[in-house]
Amino acid sequence: MDDLSTIRSEALDAVQAATDLGALEAARVAALGKKGSVTGLMKTLGGLAPEQRKEFGARVNQLKGEIEAALEARKGSLSASALEARLVAEKIDVTLPARPEGQGTLHPIGQVMDEIGAIFGEMGFTWADGPDIEDDWHNFTALNIPPDHPARQMQDTFYLPPRADGTPMVLRTHTSPVQARTMLSKDVQKRLADGGSLRIIVPGRTFRIDSDATHTPMFHQVEGLVIDRTTHMGHLKGCLVDFCRAFFEVDDLPLRFRPSYFPFTEPSAEVDIGCSWKDGELKIGAGDSWLEILGSGMVHPNVIANCGLDPAIYQGFAFGMGIDRIAMLKYGIPDLRAFFDADLRWLRHYGFSALETPSLTGGLGR
(Lines give C-alpha, C1' and ligand atoms only; values in the text may rest on other atoms or scores of the structure.)
Protein backbone atom coordinates (compact mmCIF):
# COMPACT_ATOMS: atom_id res chain seq x y z
CA MET A 1 0.00 0.00 0.00
CA ASP A 2 2.72 2.41 0.97
CA ASP A 3 4.62 1.54 -2.23
CA LEU A 4 1.62 2.44 -4.37
CA SER A 5 1.11 5.77 -2.62
CA THR A 6 4.79 6.64 -2.80
CA ILE A 7 5.11 5.67 -6.46
CA ARG A 8 1.92 7.57 -7.32
CA SER A 9 3.11 10.69 -5.55
CA GLU A 10 6.61 10.61 -7.07
CA ALA A 11 5.36 9.89 -10.60
CA LEU A 12 2.69 12.60 -10.61
CA ASP A 13 5.07 15.13 -9.07
CA ALA A 14 7.64 14.34 -11.77
CA VAL A 15 5.03 14.80 -14.49
CA GLN A 16 3.92 18.17 -13.15
CA ALA A 17 7.52 19.28 -12.62
CA ALA A 18 8.49 18.58 -16.26
CA THR A 19 9.26 21.90 -17.97
CA ASP A 20 9.67 20.54 -21.51
CA LEU A 21 8.83 17.51 -23.59
CA GLY A 22 12.23 15.94 -22.91
CA ALA A 23 11.74 16.06 -19.14
CA LEU A 24 8.22 14.72 -19.55
CA GLU A 25 9.54 11.74 -21.51
CA ALA A 26 12.05 11.06 -18.73
CA ALA A 27 9.20 11.05 -16.19
CA ARG A 28 7.25 8.60 -18.34
CA VAL A 29 10.20 6.23 -18.64
CA ALA A 30 10.84 6.41 -14.86
CA ALA A 31 7.28 5.30 -14.16
CA LEU A 32 6.14 3.23 -17.14
CA GLY A 33 9.34 2.21 -18.93
CA LYS A 34 10.77 -1.31 -18.94
CA LYS A 35 12.55 -0.61 -15.67
CA GLY A 36 10.00 1.88 -14.37
CA SER A 37 8.47 1.85 -10.90
CA VAL A 38 4.95 0.92 -12.04
CA THR A 39 6.31 -1.76 -14.35
CA GLY A 40 8.21 -3.19 -11.40
CA LEU A 41 4.98 -3.49 -9.45
CA MET A 42 3.39 -5.39 -12.35
CA LYS A 43 6.23 -7.90 -12.24
CA THR A 44 5.49 -8.77 -8.58
CA LEU A 45 1.95 -9.94 -9.36
CA GLY A 46 3.11 -13.45 -10.22
CA GLY A 47 4.30 -14.09 -6.66
CA LEU A 48 0.99 -13.17 -4.96
CA ALA A 49 -1.92 -15.37 -3.99
CA PRO A 50 -4.84 -15.33 -6.42
CA GLU A 51 -7.03 -13.12 -4.24
CA GLN A 52 -4.25 -10.65 -3.55
CA ARG A 53 -3.17 -10.69 -7.20
CA LYS A 54 -6.65 -9.67 -8.35
CA GLU A 55 -7.00 -6.80 -5.90
CA PHE A 56 -3.40 -5.55 -6.23
CA GLY A 57 -3.43 -5.85 -10.02
CA ALA A 58 -6.56 -3.70 -10.25
CA ARG A 59 -4.94 -0.99 -8.13
CA VAL A 60 -1.72 -1.07 -10.17
CA ASN A 61 -3.71 -0.77 -13.43
CA GLN A 62 -5.63 2.17 -11.93
CA LEU A 63 -2.35 3.84 -11.01
CA LYS A 64 -0.96 3.22 -14.46
CA GLY A 65 -4.06 4.80 -16.06
CA GLU A 66 -3.84 7.81 -13.75
CA ILE A 67 -0.20 8.40 -14.62
CA GLU A 68 -0.90 8.02 -18.38
CA ALA A 69 -3.72 10.57 -18.15
CA ALA A 70 -1.44 13.00 -16.30
CA LEU A 71 1.25 12.51 -18.94
CA GLU A 72 -1.16 13.22 -21.80
CA ALA A 73 -2.52 16.36 -20.14
CA ARG A 74 0.96 17.67 -19.38
CA LYS A 75 2.10 16.90 -22.92
CA GLY A 76 -0.74 18.97 -24.36
CA SER A 77 0.13 21.87 -22.10
CA LEU A 78 3.85 21.74 -22.90
CA SER A 79 3.19 21.41 -26.66
CA ALA A 80 1.00 24.49 -26.64
CA SER A 81 3.62 26.44 -24.69
CA ALA A 82 6.37 25.27 -27.08
CA LEU A 83 4.34 26.31 -30.11
CA GLU A 84 3.62 29.72 -28.62
CA ALA A 85 7.31 30.25 -27.85
CA ARG A 86 8.24 29.20 -31.38
CA LEU A 87 5.72 31.57 -32.92
CA VAL A 88 7.15 34.42 -30.87
CA ALA A 89 10.73 33.52 -31.74
CA GLU A 90 10.18 32.90 -35.45
CA LYS A 91 7.82 35.72 -36.34
CA ILE A 92 8.77 37.88 -39.31
CA ASP A 93 8.39 41.57 -39.91
CA VAL A 94 6.00 41.71 -42.87
CA THR A 95 6.67 45.43 -43.24
CA LEU A 96 10.17 44.73 -44.56
CA PRO A 97 10.55 44.99 -48.36
CA ALA A 98 10.83 41.75 -50.31
CA ARG A 99 14.16 40.65 -51.71
CA PRO A 100 14.68 42.07 -55.18
CA GLU A 101 14.22 39.50 -57.95
CA GLY A 102 15.04 40.03 -61.59
CA GLN A 103 12.16 39.95 -64.06
CA GLY A 104 12.52 37.35 -66.80
CA THR A 105 12.23 38.22 -70.47
CA LEU A 106 11.16 36.34 -73.59
CA HIS A 107 13.77 35.50 -76.21
CA PRO A 108 13.41 37.48 -79.46
CA ILE A 109 12.98 34.24 -81.44
CA GLY A 110 9.95 33.26 -79.38
CA GLN A 111 8.55 36.77 -79.68
CA VAL A 112 8.94 36.84 -83.47
CA MET A 113 7.37 33.37 -83.77
CA ASP A 114 4.37 34.71 -81.87
CA GLU A 115 4.23 37.77 -84.14
CA ILE A 116 4.31 35.56 -87.25
CA GLY A 117 1.59 33.36 -85.79
CA ALA A 118 -0.59 36.37 -84.99
CA ILE A 119 -0.36 37.74 -88.54
CA PHE A 120 -0.92 34.49 -90.42
CA GLY A 121 -3.55 33.41 -87.91
CA GLU A 122 -5.65 36.37 -89.06
CA MET A 123 -5.31 35.04 -92.63
CA GLY A 124 -6.67 31.61 -91.67
CA PHE A 125 -3.36 29.74 -91.35
CA THR A 126 -2.86 27.12 -88.64
CA TRP A 127 0.37 26.12 -86.90
CA ALA A 128 1.96 22.78 -87.91
CA ASP A 129 5.01 20.99 -86.53
CA GLY A 130 7.23 18.00 -87.28
CA PRO A 131 10.37 16.13 -86.15
CA ASP A 132 13.85 17.67 -86.15
CA ILE A 133 15.33 14.34 -87.34
CA GLU A 134 14.02 13.48 -90.81
CA ASP A 135 14.46 10.71 -93.33
CA ASP A 136 15.96 11.47 -96.72
CA TRP A 137 12.62 11.04 -98.54
CA HIS A 138 10.67 13.67 -96.59
CA ASN A 139 13.60 16.10 -96.42
CA PHE A 140 14.68 15.88 -100.07
CA THR A 141 12.96 13.45 -102.45
CA ALA A 142 9.36 14.39 -101.69
CA LEU A 143 10.27 18.05 -102.28
CA ASN A 144 11.63 17.40 -105.77
CA ILE A 145 15.27 17.80 -104.74
CA PRO A 146 17.28 15.54 -107.10
CA PRO A 147 20.01 13.17 -105.85
CA ASP A 148 22.80 15.37 -107.24
CA HIS A 149 21.49 18.62 -105.70
CA PRO A 150 24.18 20.46 -103.65
CA ALA A 151 21.88 20.56 -100.59
CA ARG A 152 22.33 16.79 -100.24
CA GLN A 153 26.09 17.00 -100.00
CA MET A 154 27.93 16.35 -96.75
CA GLN A 155 29.22 19.93 -96.54
CA ASP A 156 25.68 21.29 -96.19
CA THR A 157 23.73 18.60 -94.34
CA PHE A 158 24.17 16.92 -90.95
CA TYR A 159 23.82 13.21 -91.73
CA LEU A 160 22.96 10.72 -88.97
CA PRO A 161 23.37 6.92 -88.84
CA PRO A 162 20.85 5.30 -91.20
CA ARG A 163 17.92 3.20 -90.06
CA ALA A 164 18.17 -0.58 -89.96
CA ASP A 165 16.66 -0.74 -93.46
CA GLY A 166 19.35 1.61 -94.80
CA THR A 167 17.15 4.74 -94.98
CA PRO A 168 19.42 7.82 -94.71
CA MET A 169 18.60 10.11 -91.76
CA VAL A 170 19.43 13.80 -91.42
CA LEU A 171 18.87 16.80 -89.19
CA ARG A 172 16.25 18.59 -91.26
CA THR A 173 17.73 21.33 -93.43
CA HIS A 174 14.45 23.24 -93.64
CA THR A 175 10.92 22.97 -92.22
CA SER A 176 9.49 22.01 -95.62
CA PRO A 177 9.27 18.27 -94.73
CA VAL A 178 6.30 19.20 -92.55
CA GLN A 179 4.53 20.39 -95.72
CA ALA A 180 4.94 16.92 -97.20
CA ARG A 181 3.86 15.18 -93.99
CA THR A 182 0.77 17.38 -93.77
CA MET A 183 -0.29 16.86 -97.39
CA LEU A 184 0.11 13.11 -96.94
CA SER A 185 -2.31 13.15 -94.01
CA LYS A 186 -5.56 11.29 -94.75
CA ASP A 187 -7.58 13.94 -92.94
CA VAL A 188 -6.07 16.70 -95.09
CA GLN A 189 -6.58 14.76 -98.31
CA LYS A 190 -10.22 14.14 -97.38
CA ARG A 191 -10.71 17.84 -96.62
CA LEU A 192 -9.26 18.78 -100.00
CA ALA A 193 -11.39 16.17 -101.77
CA ASP A 194 -14.46 17.69 -100.14
CA GLY A 195 -13.60 21.10 -101.61
CA GLY A 196 -11.72 22.51 -98.62
CA SER A 197 -8.26 24.05 -98.48
CA LEU A 198 -5.01 23.65 -96.57
CA ARG A 199 -3.30 26.65 -94.99
CA ILE A 200 -0.41 26.08 -92.60
CA ILE A 201 2.69 27.81 -91.29
CA VAL A 202 5.56 25.71 -89.98
CA PRO A 203 7.97 27.51 -87.64
CA GLY A 204 10.82 25.51 -86.17
CA ARG A 205 14.50 24.66 -85.86
CA THR A 206 16.59 23.72 -88.86
CA PHE A 207 20.23 22.65 -89.23
CA ARG A 208 22.98 23.27 -91.79
CA ILE A 209 26.79 23.21 -91.65
CA ASP A 210 27.53 26.93 -91.64
CA SER A 211 28.72 29.51 -89.11
CA ASP A 212 29.45 33.24 -89.29
CA ALA A 213 27.84 36.52 -88.20
CA THR A 214 24.70 35.76 -90.23
CA HIS A 215 24.72 31.94 -90.20
CA THR A 216 24.72 29.33 -87.43
CA PRO A 217 24.58 25.49 -87.55
CA MET A 218 21.13 25.67 -85.96
CA PHE A 219 18.68 28.38 -86.91
CA HIS A 220 14.93 28.92 -87.26
CA GLN A 221 12.72 29.02 -90.31
CA VAL A 222 9.04 29.41 -91.00
CA GLU A 223 7.41 27.79 -94.02
CA GLY A 224 3.97 28.60 -95.33
CA LEU A 225 1.78 26.40 -97.54
CA VAL A 226 -1.59 26.88 -99.20
CA ILE A 227 -3.20 24.08 -101.25
CA ASP A 228 -6.61 24.16 -102.92
CA ARG A 229 -8.06 24.10 -106.46
CA THR A 230 -7.90 27.80 -107.40
CA THR A 231 -5.00 29.54 -105.59
CA HIS A 232 -2.65 31.38 -107.95
CA MET A 233 0.44 33.61 -107.92
CA GLY A 234 -1.63 36.72 -107.27
CA HIS A 235 -2.81 35.26 -103.97
CA LEU A 236 0.80 34.51 -103.04
CA LYS A 237 1.85 38.10 -103.71
CA GLY A 238 -1.08 39.55 -101.78
CA CYS A 239 -0.41 37.28 -98.81
CA LEU A 240 3.29 38.19 -98.59
CA VAL A 241 2.71 41.92 -99.13
CA ASP A 242 0.21 41.96 -96.25
CA PHE A 243 2.53 39.92 -94.04
CA CYS A 244 5.64 42.04 -94.60
CA ARG A 245 3.80 45.32 -94.07
CA ALA A 246 2.19 44.02 -90.88
CA PHE A 247 5.37 42.47 -89.51
CA PHE A 248 7.66 45.45 -90.13
CA GLU A 249 4.79 47.82 -89.27
CA VAL A 250 5.32 49.95 -92.37
CA ASP A 251 2.00 50.52 -94.15
CA ASP A 252 3.52 51.49 -97.52
CA LEU A 253 6.48 49.09 -97.44
CA PRO A 254 7.48 48.40 -101.08
CA LEU A 255 8.04 44.76 -102.12
CA ARG A 256 9.76 43.36 -105.19
CA PHE A 257 9.31 39.84 -106.55
CA ARG A 258 12.31 38.59 -108.55
CA PRO A 259 12.28 35.37 -110.62
CA SER A 260 14.39 32.67 -108.98
CA TYR A 261 14.78 28.90 -108.77
CA PHE A 262 13.79 26.46 -106.04
CA PRO A 263 13.36 22.73 -106.70
CA PHE A 264 10.01 22.60 -104.89
CA THR A 265 8.28 25.58 -106.57
CA GLU A 266 7.63 26.62 -110.17
CA PRO A 267 7.45 29.50 -110.94
CA SER A 268 9.63 30.72 -108.08
CA ALA A 269 10.37 34.19 -106.78
CA GLU A 270 12.58 35.81 -104.19
CA VAL A 271 11.02 38.68 -102.28
CA ASP A 272 12.84 41.93 -101.51
CA ILE A 273 11.69 44.74 -99.26
CA GLY A 274 12.52 48.39 -99.76
CA CYS A 275 15.11 49.97 -97.51
CA SER A 276 17.70 52.72 -97.25
CA TRP A 277 21.08 53.10 -95.59
CA LYS A 278 22.16 56.22 -93.78
CA ASP A 279 25.41 56.46 -91.83
CA GLY A 280 25.62 52.68 -91.86
CA GLU A 281 22.16 52.27 -90.31
CA LEU A 282 19.44 50.30 -92.06
CA LYS A 283 15.96 51.79 -92.34
CA ILE A 284 13.19 49.55 -93.64
CA GLY A 285 10.71 51.32 -95.91
CA ALA A 286 10.77 53.38 -99.08
CA GLY A 287 14.33 54.01 -100.20
CA ASP A 288 16.89 53.46 -102.90
CA SER A 289 17.92 49.92 -101.86
CA TRP A 290 16.40 46.47 -101.68
CA LEU A 291 16.90 43.68 -99.15
CA GLU A 292 16.06 40.03 -99.87
CA ILE A 293 14.15 38.36 -97.02
CA LEU A 294 12.38 35.23 -98.30
CA GLY A 295 11.75 32.78 -101.10
CA SER A 296 8.40 31.76 -102.54
CA GLY A 297 6.57 30.24 -105.49
CA MET A 298 3.80 27.99 -106.71
CA VAL A 299 4.14 24.44 -105.39
CA HIS A 300 5.83 22.26 -108.03
CA PRO A 301 3.48 19.65 -109.58
CA ASN A 302 6.02 16.95 -108.72
CA VAL A 303 5.77 17.84 -105.02
CA ILE A 304 1.98 17.69 -105.15
CA ALA A 305 2.12 14.31 -106.86
CA ASN A 306 4.75 12.96 -104.43
CA CYS A 307 2.41 13.85 -101.57
CA GLY A 308 -0.49 11.81 -102.95
CA LEU A 309 -2.47 14.59 -104.63
CA ASP A 310 -3.36 15.08 -108.30
CA PRO A 311 -1.54 18.17 -109.67
CA ALA A 312 -4.16 18.40 -112.42
CA ILE A 313 -6.72 19.19 -109.71
CA TYR A 314 -4.80 20.83 -106.89
CA GLN A 315 -2.35 23.71 -106.84
CA GLY A 316 -1.03 26.11 -104.27
CA PHE A 317 1.81 28.31 -103.14
CA ALA A 318 4.60 28.07 -100.58
CA PHE A 319 7.09 30.44 -99.02
CA GLY A 320 9.88 30.31 -96.47
CA MET A 321 12.01 32.73 -94.50
CA GLY A 322 14.56 32.78 -91.70
CA ILE A 323 12.97 33.78 -88.40
CA ASP A 324 16.34 34.78 -86.95
CA ARG A 325 17.03 36.99 -89.98
CA ILE A 326 13.79 38.96 -89.88
CA ALA A 327 14.17 39.30 -86.09
CA MET A 328 17.61 40.84 -86.65
CA LEU A 329 16.23 43.23 -89.25
CA LYS A 330 13.24 44.35 -87.21
CA TYR A 331 14.94 44.75 -83.84
CA GLY A 332 18.42 45.85 -84.92
CA ILE A 333 20.35 42.78 -83.71
CA PRO A 334 23.76 42.77 -85.43
CA ASP A 335 25.06 39.22 -84.89
CA LEU A 336 23.07 36.00 -85.28
CA ARG A 337 25.45 34.04 -83.04
CA ALA A 338 24.37 36.08 -80.01
CA PHE A 339 20.92 34.44 -80.23
CA PHE A 340 22.45 31.22 -78.88
CA ASP A 341 25.08 32.54 -76.42
CA ALA A 342 22.75 32.41 -73.37
CA ASP A 343 24.05 35.82 -72.28
CA LEU A 344 21.56 37.22 -69.75
CA ARG A 345 22.76 40.79 -70.37
CA TRP A 346 21.95 40.41 -74.08
CA LEU A 347 18.59 38.85 -73.28
CA ARG A 348 17.66 41.65 -70.88
CA HIS A 349 18.46 44.17 -73.60
CA TYR A 350 16.71 42.47 -76.53
CA GLY A 351 14.14 40.39 -74.64
CA PHE A 352 10.41 41.02 -74.32
CA SER A 353 8.02 41.10 -71.41
CA ALA A 354 5.84 38.03 -71.04
CA LEU A 355 2.86 40.39 -71.02
CA GLU A 356 3.65 41.73 -74.51
CA THR A 357 1.39 39.31 -76.36
CA PRO A 358 1.56 40.15 -80.09
CA SER A 359 -1.68 40.90 -81.94
CA LEU A 360 -2.66 42.92 -84.99
CA THR A 361 -5.03 45.04 -82.92
CA GLY A 362 -2.84 45.54 -79.85
CA GLY A 363 0.50 45.83 -81.63
CA LEU A 364 3.18 43.31 -82.57
CA GLY A 365 6.48 44.53 -81.22
CA ARG A 366 7.66 47.18 -78.79
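Preceding this section is the structure that the text describes.
Everything numeric in this text was worked out from a predicted model, so none of it was measured. (Residues numbered from 1 in each chain as written. Predicted model: local features only at pLDDT ≥ 70, side-chain atom pairs only at ≥ 80, totals over all residues. Heavy atoms only, no water.)

Enquirer: Lay out the overall build of the protein with the relevant residues and their values.
Expert: From N to C terminus, the protein includes 12 helices and 11 strands. The globule rule puts the C-alpha radius of gyration for 366 residues at 21 Å, and the 40 Å found for the protein is more than 25% above it. Dimensions of the protein, computed from C-alpha atoms along their principal axes, come out at roughly 115 × 55 × 40 Å. Across the 366 residues in the protein, those meeting the buried criterion constitute 41%. Within the protein, residue pairs in contact and separated by at least 24 positions form 66% of the contacts whose partners lie at least 6 positions apart. Of the accessible surface of the protein, which amounts to about 20400 Å², a share of 54% is contributed by carbon and sulfur atoms. (Helix = DSSP H or I, 4+ residues; strand = E, 2+ residues; numbered from the N terminus. Rg over C-alpha atoms; globule rule 2.2 N^0.38 Å. Buried < 20%, exposed > 50% of the residue type's maximum accessible area, 1.4 Å probe, protein only. Contact = heavy atoms within 4.5 Å. Areas by Shrake-Rupley, 256 points an atom, 1.4 Å probe, with all protein chains shown as cover.)

Enquirer: If you had to explain the environment of Phe248 to someone new, which residues and values would you point to?
Expert: Residue position: Phe248 is located in helix 9 (residues 233-248). Given a relative accessible area of 9%, Phe248 falls into the buried group. Separated by 81 residues in the primary sequence, Phe248 and Leu329 place their C-alpha atoms 8.9 Å from one another. When near neighbours in sequence (up to four residues on either side) are disregarded, Phe248 contacts Leu253, Ile273, Ile284, Ile293, Ile326, Leu329 and Lys330.

Enquirer: Give a detailed account of the side chain of Glu115, specifying residues and quantitative values.
Expert: With respect to the helices, strands and loops of the structure, Glu115 is situated in helix 5 (residues 108-122). The class of Glu115 is buried, set by a relative accessible area of 0%.

Enquirer: Before we move on, can you summarise helix 5 with the specific residues and values?
Expert: The first and last C-alpha atoms of helix 5 sit 21 Å apart over 15 residues, in line with the 21 Å expected at 1.5 Å per residue. Of all the positions in helix 5, only Pro108, Ile109, Gln111, Val112, Met113, Glu115, Ile116, Gly117, Ala118, Ile119 and Phe120 are classed as buried. Directly after helix 5, the chain includes Gly124, whose backbone phi takes a positive value near 95°. (Expected span 1.5 Å × (residues − 1).)

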